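Here's the letter readout for the chains.
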Amino acid sequence: SQKIEQNSEALNIQEGKTATLTCNYTNYSPAYLQWYRQDPGRGPVFLLLIRENEKEKRKERLKVTFDTTLKQSLFHITASQPADSATYLCALGGGSYIPTFGRGTSLIVHP
Amino acid sequence: EPEVTQTPSHQVTQMGQEVILRCVPISNHLYFYWYRQILGQKVEFLVSFYNNEISEKSEIFDDQFSVERPDGSNFTLKIRSTKLEDSAMYFCASGGQASNYGYTFGSGTRLTVV
């Protein structure tokens, strides 16, 4: 069955460092992958979308890569700030696939 | 910036009662979605709606659930006979074609079934 895996353990980093979050998937050939931020008790907020034919996407301090051979996306936040602390979700979709979210990884940026 | 608005923010209901969750999507969006998130778990897809009809639905979206777009602005999710396990955050989202755009989510309705 289709599976999306994100690290269940929280990622703790120091302010100013680069945070790297991972989204792996199996039994899936998504046409696109999205990354969202979710704060406690709030709805997800869309950050970036990357398509299967794109290797990398950037937006300000954010960078996403998509490797369809490894079936993996990496999400980077450079020069991280305490305000970046949140849960980050990846979502895959395309074709006949119902858009599906991973469980998310909690990022904690320490001042 | 345009927002997706959901009401109520919190609903407490007795088991077996019907609830209607309401959403006002962004006006020029074409696709509408309902998701739910049980506390501590992942965001789960329920149903998508396009061109005034259901375009996809998940296994969770059984006969107890229904969606409507009664007018040009509102988008509702009805649960006919609530169960304890329906307790969750319910999120409405809207967007353009998902392969090109991310979804805009509302702040959610926390449904508590007692």
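Each remark here, short or long, concerns the structure printed above.
First, a word on what this report is: a plain description of the structure on this page. (Residues numbered from 1 in each chain as written. Chains lettered and ligands numbered in written order. Predicted model: local features only at pLDDT ≥ 70, side-chain atom pairs only at ≥ 80, totals over all residues. Heavy atoms only, no water.)

### Some words on the state of the cysteines
Inference 1: Summed over all chains, the structure comprises 2 disulfides over all chains.
Inference 2: Between the sulfur atoms of Cys 23 of chain A and its disulfide partner Cys 90 of chain A the distance amounts to 2.0 Å. An S-S torsion of about 65 degrees defines the bridge between Cys 23 of chain A and Cys 90 of chain A as right-handed. On the criterion of sequence distance, the pair formed by Cys 23 of chain A in strand S3 (residues 19–26) and Cys 90 of chain A in strand S9 (residues 86–94) is long-range, its members being 67 residues apart.
Inference 3: The side chain of Cys 23 of chain B participates in a disulfide bridge whose partner is Cys 92 of chain B; the two sulfur atoms lie 2.0 Å from each other. Handedness here is read from the sign of the S-S torsion; for Cys 23 of chain B and Cys 92 of chain B, about -60 degrees, the answer is left-handed. Of this pair, Cys 23 of chain B sits in strand S3 (residues 19–24) while Cys 92 of chain B sits in strand S9 (residues 88–95); the two residues are 69 residues apart in sequence, bridging distant segments of the chain. (Disulfide = S-S within 2.5 Å. Helix = DSSP H or I, 4+ residues; strand = E, 2+ residues; numbered from the N terminus.)

### Focus: the sheet that holds strand S1 (residues 5–7) of chain B
Residues and elements named next belong to chain B.
Inference 1: Spatially, 4 strands are ordered S1-S3-S8-S7 in an open sheet, and the strand pairing comes out antiparallel. Each edge of the open sheet is held by one strand with a lone partner, namely S1 and strand S7 (65–68). On average, each strand axis in the sheet is tilted by 20 degrees relative to the strand beside it, whichever way the strands run.
Inference 2: In the sheet, S7 pairs with strand S8 (residues 75–79) via 4 bridges, with the strands oriented antiparallel. Bridge assignment links Val 67 to a residue of S8, and that residue is Leu 77. (Pairing = 2+ DSSP bridges. Axes fitted to C-alpha atoms, helices over the stretch in contact; angles between N-to-C directions.)

### Let's talk about the environment of His 76 of chain A
Residue and element names in this part refer to chain A.
Inference 1: Within the fold, His 76 resides in strand S8 (residues 72–77).
Inference 2: On the basis of relative accessible area, His 76 is assigned to the buried category, the value being 14%.
Inference 3: A polar contact is formed between the side chain of His 76 and the side chain of Thr 20, at a distance of 3.0 Å. (Buried < 20%, exposed > 50% of the residue type's maximum accessible area, 1.4 Å probe, protein only. Polar contact = N/O pair within 3.5 Å; in protein donor to acceptor, adjacent residues only side chain to side chain.)

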